[in-house]
Amino acid sequence: MDCIFCKIANKEIPSDIVFENEKVIAFRDINPVAPVHILVIPKAHVESVQALEGEDYNLLPDIFKAIKEIAVKEGIDKSGYRVISNSGKDGGQEVFHLHFHILGGENIGKLRCK
Ligand code: AMP
């Protein structure tokens, strides 16, 4: 499967990894729209929120635990941050491997969706 985030998870292409465990990996967005812009992904390929089914749902607690841990590491746990997952064409999804954007490090405002 030709998926750029699978390649990042498999270390076939380089990325700035900030967190990794057995199921989840997180790395800095290559085109950041905030001082802290990190993408959190399951290592297993799931296309999007809308594509979640069966066992895939078991990935979500691990993803949200990772998000909290990363927020502390990045020093934005107290100032706050936004978590976004774009799903499908009208959601603005460009990479079809489930991912959660963490945006922080400044006041994100209401309209910035990634
Ligand atoms: P989305 O529009 O929600 O699918 O977001 C995809 C994100 O992946 C965009 O913010 C891109 O800047 C980011 N991105 C694409 N390729 C890479 C890469 N090789 N390393 C890090 N981030 C990437």
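The sections below set out a description of the structure shown in this document. (Residues numbered from 1 in each chain as written. Predicted model: local features only at pLDDT ≥ 70, side-chain atom pairs only at ≥ 80, totals over all residues. Heavy atoms only, no water.)

A few words on the layout of surface pockets. In this structure, the largest pocket spans a volume of roughly 420 Å³. Every residue lining the largest pocket is counted, 23 residues in all, and those nearest its centre are Phe5, Asp29, Ile30, Leu39 and Val95. Broken down by secondary-structure element, the contributors of at least two residues to the lining of the largest pocket are helix 1 (4–9), strand 2 (24–28) and strand 3 (36–42). Looking at which element gives the most residues to the lining of the largest pocket, the answer is helix 1, with three residues. Residue classes in the lining of the largest pocket are distributed as ten nonpolar, eight polar and five charged. (1 Å grid on protein atoms, 1.4 Å probe; cavity = no way out; pocket = protein on both sides within 12 Å on 5 of 7 lines; lining within 4 Å. Points joined across faces, edges and corners; volume = space filled by probe spheres on them. Helix = DSSP H or I, 4+ residues; strand = E, 2+ residues; numbered from the N terminus. Nonpolar A, V, L, I, M, F, W, Y, C, P; charged D, E, K, R; others polar.)

Once that is clear, we can look at the sheet that holds strand 2. Hydrogen bonds between backbone groups are what pair the strands of a sheet, and the pairing can be parallel or antiparallel. The five strands lie next to each other as 1-2-3-5-4, forming an open sheet whose pairing is antiparallel. The sheet is open, and its two edges are formed by strand 1 (17–20) and strand 4 (81–84), each paired on a single side. Each strand of the sheet is rotated relative to its neighbour by a mean of 20°, with strand direction disregarded. In this structure, strand 4 lies alongside strand 5 (residues 100–104), joined through four bridges in antiparallel fashion. Looking at the pairing, Arg82 lines up with Leu103 of strand 5. Each of strand 1, strand 2, strand 3, strand 4 and strand 5 touches helix 2 (residues 59–74); the most contacted strand, strand 3, lies at about 155° to it. (Pairing = 2+ DSSP bridges. Axes fitted to C-alpha atoms, helices over the stretch in contact; angles between N-to-C directions. Contact = heavy atoms within 4.5 Å.)

A separate point is the state of the cysteines. In the structure shown here, the tally under the stated rule is zero disulfides. In this structure Cys3 is a free cysteine whose sulfur lies 3.7 Å from that of Cys6, the closest cysteine sulfur available. Residue classification places Cys6 among the buried residues on the basis of a relative accessible area of 14%. (Disulfide = S-S within 2.5 Å. Buried < 20%, exposed > 50% of the residue type's maximum accessible area, 1.4 Å probe, protein only.)

This next bit is on the site of the ligand. Around the ligand sit 17 residues, and of these Asp29, Asn86, Glu94, His99 and His101 come closest. Within the backbone of Gly92, an N or O atom sits 3.0 Å from an oxygen atom of the ligand. In the complex, the protein chains occlude 89% of the 510 Å² of accessible area that the ligand would expose alone. A molecule is said to occupy a pocket when more than half its atoms come within 2 Å of that pocket's grid points, and by this definition the ligand occupies the largest pocket. (Near = heavy atom within 4 Å. Polar contact = N/O pair within 3.5 Å; in protein donor to acceptor, adjacent residues only side chain to side chain. Areas by Shrake-Rupley, 256 points an atom, 1.4 Å probe, with all protein chains shown as cover. Sits in = over half its atoms within 2 Å of the grid points.)

So, on to the pattern of salt bridges. Evaluated as defined, the whole model comprises eight salt bridges. Between Lys23 and Asp62 there is a salt bridge; the shortest N-O distance is 3.5 Å. Of this pair, Lys23 sits in the loop between strand 1 and strand 2 while Asp62 sits in helix 2, placing them 39 residues apart in sequence. Put simply, Lys11, Glu20 and Lys43 are held in one network by salt bridges that share partners. (Salt bridge = Lys/Arg side-chain N within 4 Å of Asp/Glu carboxyl O.)

Any functional reading would require information beyond the geometric quantities listed.
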